[in-house]
Amino acid sequence: MDFEGLKKYSALHPKPAGLTLQYGTAGFRSEAQQLDHIMFRMGMLAVLRSRVTGATIGVMVTASHNPEEDNGVKLVDPLGEMLHPSWEEYATHLANAEDQELQKIVTEICQKAAVNQQKDASVFIGRDTRPSSKELSQAVIDGISVLGGQYHDYGLVTTPQLHYMVCCQNTQGQYGKPTLEGYYQKLSRAFTELIKKSLSSGEAQRQLKIDCANGIGALKLAEMENYFPKEVRIQIYNDGTKEKLNHLCGADFVKVHQKPPKGLDMKPNESCCSFDGDADRIVYYYQDMAGHFHLIDGDKIATLISIFLKELLAKVGQTLKMAVVQTAYANGSSTRYLEETVQVPVHCVKTGVKHLHHKAQEFDVGVYFEANGHGTVLFSKAAESTIRQLAKEEKDGAKREAAVVLENMIDLINQTVGDAISDMLVIEAILAMKGLTLQQWDALYADFPSRLLKVQVADRQVIDTTDAERRAVTPPGLQEKIDALVKKYKLSRAFVRPSGTEDVVRVYAEADTQVRA
Ligand code: G16
């Protein structure tokens, strides 16, 4: 290790004395001014991780749904997953080391994680549209360079696009080409194949209004539009040219406030959706003739996809193990509908894509979605190769046709992480193929009335939870009070948990009426 270089570079990215930041739900997140040293150090960490795995690692500069003034960093592991939890501790350690300890901490991590410093290291970098992102990604580059790593800077990309690039690179192109063009071509080819039948029967003129949260999604959708069939008309709103990122718009705003975003004029029964700030989440919605707003969140997206995949698997005659993974925020009505009507097993895990992704990997087909619209589908290697083989060789025409649809779904779904663009195309394809309107999709089941709040407290870390975050173990007495309140109402349930991305406590409640919730 070049200790002199480390000293020189780290002096350019000093850590504010006394500042401690925790690795949260999806990496580090804070006010942008506090993050320069974090970015420098996460560039270094990515190099170490690359040396241990012998693969390219991704670093995405984004704070996703947080306000424009914040920023953050998400680290991407070799197959496009979030950084392995066993490395979160190293990340926190490195992030919070005082400047003079930096060399010692790097050496310690190298020893503990058996990093061979002689090995090559490669890192892919991406960033969102925040004003602070460019400079912060330069700090990442400095961190990579000081430890002798190579990098490729993709510049402005959505988070899921960076995850895709990393996976493509580390599978030697098997997953696709690690370029934006490769991403657009792979998804649009699969999408066009899926909807061509409904388009030729004249049924499907797809129209969709998309709120891009004034973020990166707008730029990337505009680039991708040329690849869509001409029958698919998308209208982009909140493209970032006039208003601030995530301000009164975007998937998180729409989900939390259960109302339409600013800047999108919605006519009755028009299909609309919102992305979040880095385009890894999506929620759908519409307004009915009476002017009522209807939110179709991640739970309903998981339900639509599960129904569709289950039907196809039955058609191909495969007994593949399928399951849905949710979190405590999943509406109780969705869980009940999935288990009782769709008849698919449902599992509940802690908030955070890393937890859902991990659980979903246990199944042949694992559908995971958070209620906030973050999710995807994972196919096991064995399931994927069975499906691809059936699509090629199956003699029975109906079975082969179903296998071809499944094969195209596999290509359309970004299996590395939740992806608003990919999820949107999956949903549009399913709705077109099944001839469903948004209203019919929404009517699959009625959500139990719910309320989600953010509450600011002096120290959110005093709250500790268990049972997939459904029960509070500290502070003493809190859970008993929640239980006493919940007992008073029918079909009710409530929990509190500290956010891992914002300085707030999230409070969720469900009951038989909105007022009681
Ligand atoms: C991130 C995570 C999501 C999580 C969300 C909120 O989303 O990737 O899995 O649901 O934060 O987490 P918390 O409730 O802990 O604040 P994003 O879209 O902001 O990256």
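Residues numbered from 1 in each chain as written. Predicted model: local features only at pLDDT ≥ 70, side-chain atom pairs only at ≥ 80, totals over all residues.

> Explain the UniProt feature "binding site: substrate" (unreviewed entry) in the chain here, please?
Following the UniProt record, one finds the feature "binding site: substrate" (unreviewed entry) at Glu370, Ala371, Asn372, Arg497, Pro498, Ser499, Gly500, Thr501 and Arg506. Note on placement: Glu370 falls in the loop between strand 13 (365-369) and strand 14 (375-379). Those residues in contact with Glu370, other than ones at most four positions away along the chain, are Gly298, Thr327, Tyr329, Thr351, Leu356 and Gly375. You can see Ala371 is positioned in the loop between strand 13 and strand 14. With 27 C-beta atoms counted inside 10 Å, the residue Ala371 sits in the buried group. Dropping the residues within four chain positions of it, Ala371 is found in contact with Asp297, Gly298, Asp299, Tyr329, Ala330 and Asn331. (UniProt positions renumbered as here; feature names shortened; annotations may be inferred. Helix = DSSP H or I, 4+ residues; strand = E, 2+ residues; numbered from the N terminus. Contact = placed C-beta atoms within 7 Å. Buried ≥ 20, exposed ≤ 12 C-beta atoms within 10 Å, placed from the backbone.)

> Would you take a moment to explain the domain arrangement of the chain for this structure?
Interface extent is often summarised as the accessible area lost during association of the parts. The assigned domain composition of the chain is domain 1 (3-156), domain 2 (182-294), domain 3 (298-420) and domain 4 (450-510). Computed over C-alpha atoms only, the centres of domain 1 and domain 3 are separated by 33 Å. Each side of the interface is counted separately: domain 1 has 7 residues, and domain 3 has 7 residues. Grouping the amino acids of the side of domain 1 that touches domain 3 by side-chain chemistry returns 4 nonpolar, 2 polar and 1 charged. (Domains from an automatic or database assignment. Nonpolar A, V, L, I, M, F, W, Y, C, P; charged D, E, K, R; others polar.)

> Where do I start with the sheet that holds strand 19 (residues 505-510) in this structure?
The pairing of strands in a sheet happens through backbone hydrogen bonds and is either parallel or antiparallel. Taken together, 3 strands build an open sheet; the order of strands is 15-19-18 and the sheet is antiparallel. Strands with a single pairing partner mark the edges of an open sheet, and in this sheet they are strand 15 (450-455) and strand 18 (493-498). Across the sheet, the axes of successive neighbouring strands diverge by a mean angle of 10°, strand direction being ignored. Relative to strand 19, strand 15 runs antiparallel, the two being bridged by 6 bridges. Each bridged residue has a counterpart across the sheet, and for Ser450 the counterpart in strand 19 is Glu510. (Pairing = 2+ DSSP bridges. Axes fitted to C-alpha atoms, helices over the stretch in contact; angles between N-to-C directions.)

> Looking at this structure, I do not really get the nonpolar core. What am I missing?
For soluble globular proteins, the rule of thumb is that nonpolar side chains tend to be buried together. By size, the foremost hydrophobic cluster in this structure holds 134 residues, and its most contacted members are Met39, Met42, Val123, Ile305 and Leu412. A total of 10 residues in this core trace back to one element, the largest contributor, which is helix 15 (residues 420-434). Every residue in contact with Val123, bar those within four places of it in the chain, is listed here: Ala46, Val47, Ser50, Thr56, Ile57, Val59, Ile144, Gly149 and Tyr151. Formed by 10 residues, the second largest nonpolar core is a distinct cluster that contains Ala328, Ala330, Ala371 and Ala511. (Core = buried A, V, L, I, M, F, W, Y, C linked by C-beta atoms within 7 Å.)

> What should I look at first to understand the sheet that holds strand 7 (residues 232-237) in this one?
Taken together, 5 strands build an open sheet; the order of strands is 7-6-8-9-10 and the sheet is mixed. Two strands close off the open sheet at either side, each with one partner strand: strand 7 and strand 10 (293-296). Within this sheet the neighbouring strands show an average axis-to-axis angle of 25°, counted without direction. In this sheet, strand 7 lies alongside strand 6 (residues 206-211) in parallel orientation, the contact comprising 6 bridges. Residue pairing for strand 7: Lys209 is matched across the bridge by Gln235. Contacts between helix 8 (residues 216-224) and the sheet are confined to strand 6, strand 7 and strand 8 (272-275), with strand 7 contributing the most and set at about 150° to the helix.

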